[in-house]
Amino acid sequence: MGETILYMLKPILDFIPEVRDPTSRVAYKDRILGTAITLFIYLICCQIPLYGVYKTSEADPLYYMRVILASNKGTLMELGISPLITSNMIVEFIANSRMITYDPSVPTDRRLLQSAEKLLSIIVSFGTAFVYVMAGMYGSIESIGVFKAFMIIMQLTVAAIMILYLDEMLQKGYGVGSGISLFIATNICETIMWKALSPVTIKTENGIEFEGALIALLHFLATKRNKVTALYLAFYRQNLTNIHNILATLFIFLVVIYFQGFEVNLKLVNRKTRGATSTYPIKLFYLSNTPIILQTALISNVHIISNLLYRKFKKYSFIRLLGVWKTSPTGGPEKLEGGFAFYLTPPESISEIFYNPAHFFIYLTFISVSCALFSKLWLELSGRSSKDILKQLHDNDMVLAGVDRDQAMIKQLNRYIPIAAVVGGIFIGLLSIVSDLIGTIGSGTGLLLVVNIIYGYFESHKKEKDKYISIRDAVEF
């Protein structure tokens, strides 16, 4: 039945363009160049404003999540990577739950499923853009007009399609990593660098201050007679990034790097070639960023729905039960102050644990449980479960050392893989909470994402370097 559905949609899916697989292996320096070009296009789109937006003082309900979703308000990158994550999550769930049966070894089946995911991503992009416009995020329809409303929807949809194909281009081997990881890392690193080194001056109760924490430190030391006061202001100033935030960010960065080294290496032997051995590493962060990305996508969708409904139907108690939003008088980001969605936001400081313990413990429970559930779910859907790994080992004529029966190998793999997936997911969730409490730059979730992504790029570069060295040594020999 599932296979029939895919082939029933084949006439439509055949019209979905795709990036061709490279005919030969792309050189690593060319992949670096392709990644740089992709990044350049993304950064340019982050600066191009949407045509037809009516300038209002409306606050931004997704202010704190845009950095994680690689989104930039009021520009072509308004939707960020949200449509990609949503469509990928839905298609992976449907395919791996056997609602749509397909054989990944069959090129036609694989192409149709990829085209179905692209089609769904385009539909999600158009639907999200339509809802944004109709909800008045860019001004009422009366103020912007029907034509400009249509143009905003088309701009957002086309930009999302462009991001979709940039991501596919990288994943097909024309670049390094994936577009999703690249865009998230870029957005978060840009935020961290700006908060640390921004030369913009802001008038505060202490006088004129620099927005960048490191520049503010030098400015305070140069202008304040009392150097102790200067250091205190640099470390603990309010409402702007301070040195304490910089040090907290560096601390979490080092902690995550440290735990990246936690792994178990299972020895493998080749069944056909005597003496040929290898290892299969199982890391603590077995599923990498996926659980926290899925959880972030879930929370962002809840926030979007809550905010849009509250704007239109705030007088209804059910809508207020979902979320109560407070608009900043200065036009800053809107804040949740009550409702279910409020308890899905991180505490703003350690002191909130004491004056609002219910918020902290509900959030702690939600993060732990959701990361564990998403880890367990994604373990089965992503093809990285014990059974999937066993199949991969069989395909490569490899077995675990000292174990030759399938049931014994499954038992051995189950000792590590499910535990690493779930515990790693929970650990990442708890680290994100600690990051938020100690005041890292941006959000704890975003910082964990960027550390894992950068570490993944480092490992990819190391593998390419080792491969180059081994080929060079073989040629010289």
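Residues numbered from 1 in each chain as written. Predicted model: local features only at pLDDT ≥ 70, side-chain atom pairs only at ≥ 80, totals over all residues. Heavy atoms only, no water.

## Describing the overall build of the protein
Our working rule: Only runs of H or I of at least four residues qualify as helices and only runs of E of at least two qualify as strands under DSSP, and these elements are numbered from the N terminus. Using C-alpha atoms as the atom set, the radius of gyration is obtained and then compared with a globule rule of 2.2 Å times the number of residues to the power 0.38. Throughout, exposure labels follow a simple rule: accessible area from a 1.4 Å probe, protein chains only, divided by the maximum for the residue type, with under 20% read as buried, over 50% as exposed, and the rest as partly exposed.
When you go through the protein residue by residue, the secondary structure sums to 18 helices and 7 strands. Its C-alpha atoms give the protein a radius of gyration of 25 Å, within 12% of the compact-globule value 23 Å for 477 residues. Summarising its shape, the C-alpha atoms of the protein cover approximately 75 × 60 × 50 Å along the three principal directions. By the burial criterion, 45% of the 477 residues in the protein qualify as buried.

## Brief notes about the state of the cysteines
The criterion, for reference: Disulfide: a pair of cysteine sulfur atoms within 2.5 Å of each other.
Scanning the entire structure with this criterion turns up 0 disulfides. Free of any disulfide, Cys45 has its nearest neighbouring cysteine sulfur in Cys46, separated by 7.3 Å.

## Some thoughts on the environment of Leu119
Cut-off, in case you're wondering: Here, two residues are considered to be in contact whenever any of their heavy atoms come within 4.5 Å of each other.
On the secondary structure map, Leu119 appears in helix 5 (residues 107-134). Judged by relative accessible area, Leu119 falls into the partly exposed class, the value being 25%. Taking the C-alpha atoms as reference, Leu119 lies 7.2 Å from Ile16; in sequence the two are 103 residues apart. With near-sequence residues (within four places) excluded, Leu119 lies in contact with Ile12, Leu13 and Ile16.

## Things to note about the side chain of Arg237
Going by this rule: Counted as a polar contact is a pair of N or O atoms within 3.5 Å, where, for protein atoms, one must be capable of donating a hydrogen and the other of accepting one, and residues adjacent in sequence contribute only when both atoms are in side chains.
For Arg237, the position within the fold is in the loop between helix 9 (227-236) and helix 10 (243-260). One polar contact links the side chain of Arg237 to the main-chain carbonyl oxygen of Glu211, over a distance of 3.0 Å. Filtering out sequence-adjacent residues up to four positions away, Arg237 remains in contact with Glu209, Phe210, Glu211, Gly212, Ala213, Ala216, Phe220, Tyr232 and Asn242.

## Comments concerning the packing of helix 3 (residues 28-45) against helix 6 (residues 141-174)
The criterion, for reference: Lines are fitted to the C-alpha atoms to define the axes, a helix being fitted only along its stretch in contact, and any angle between axes, read from their N-to-C directions, falls within 0 to 180 degrees. For classification purposes, angles smaller than 35 degrees are called roughly parallel, those larger than 145 roughly antiparallel, those between 65 and 115 roughly perpendicular, and all remaining angles oblique. Amino acids outside the nonpolar list (Ala, Val, Leu, Ile, Met, Phe, Trp, Tyr, Cys, Pro) and the charged list (Asp, Glu, Lys, Arg) are all regarded as polar, and Gly is one of them.
For the pair helix 3 and helix 6, the least separation of the axes is 10 Å and the interaxial angle reads 170 degrees. Looking at the two axes, helix 3 sits roughly antiparallel to helix 6. Of helix 6, the residues touching helix 3 (which contributes Asp30, Arg31, Gly34, Thr35, Thr38, Ile41, Tyr42 and Cys45) are Met162, Ile163, Leu166, Met169, Leu170, Gly173 and Tyr174. Of the residues belonging to the contact of helix 3 with helix 6, the class tally is 9 nonpolar, 4 polar and 2 charged.

## A short note on the nonpolar core
The condition is simple: Among buried residues, those of type Ala, Val, Leu, Ile, Met, Phe, Trp, Tyr and Cys that are joined through side-chain atoms within 4.5 Å constitute a nonpolar core.
Formed by 113 residues in total, the largest nonpolar core has its most connected members in Met77, Tyr138, Phe183, Ile184 and Tyr286. Ranked by residue count, the leading element in this core is helix 6, at 12 residues. With near-sequence residues (within four places) excluded, Met77 lies in contact with Tyr42, Cys45, Cys46, Ala70, Ser71, Asn72, Ala159, Met162 and Ile163. Listed in part, the 5 residues of the second largest apolar core include Leu6, Leu13, Ile100 and Ala116.

Function cannot be read off these values alone, since they describe shape.
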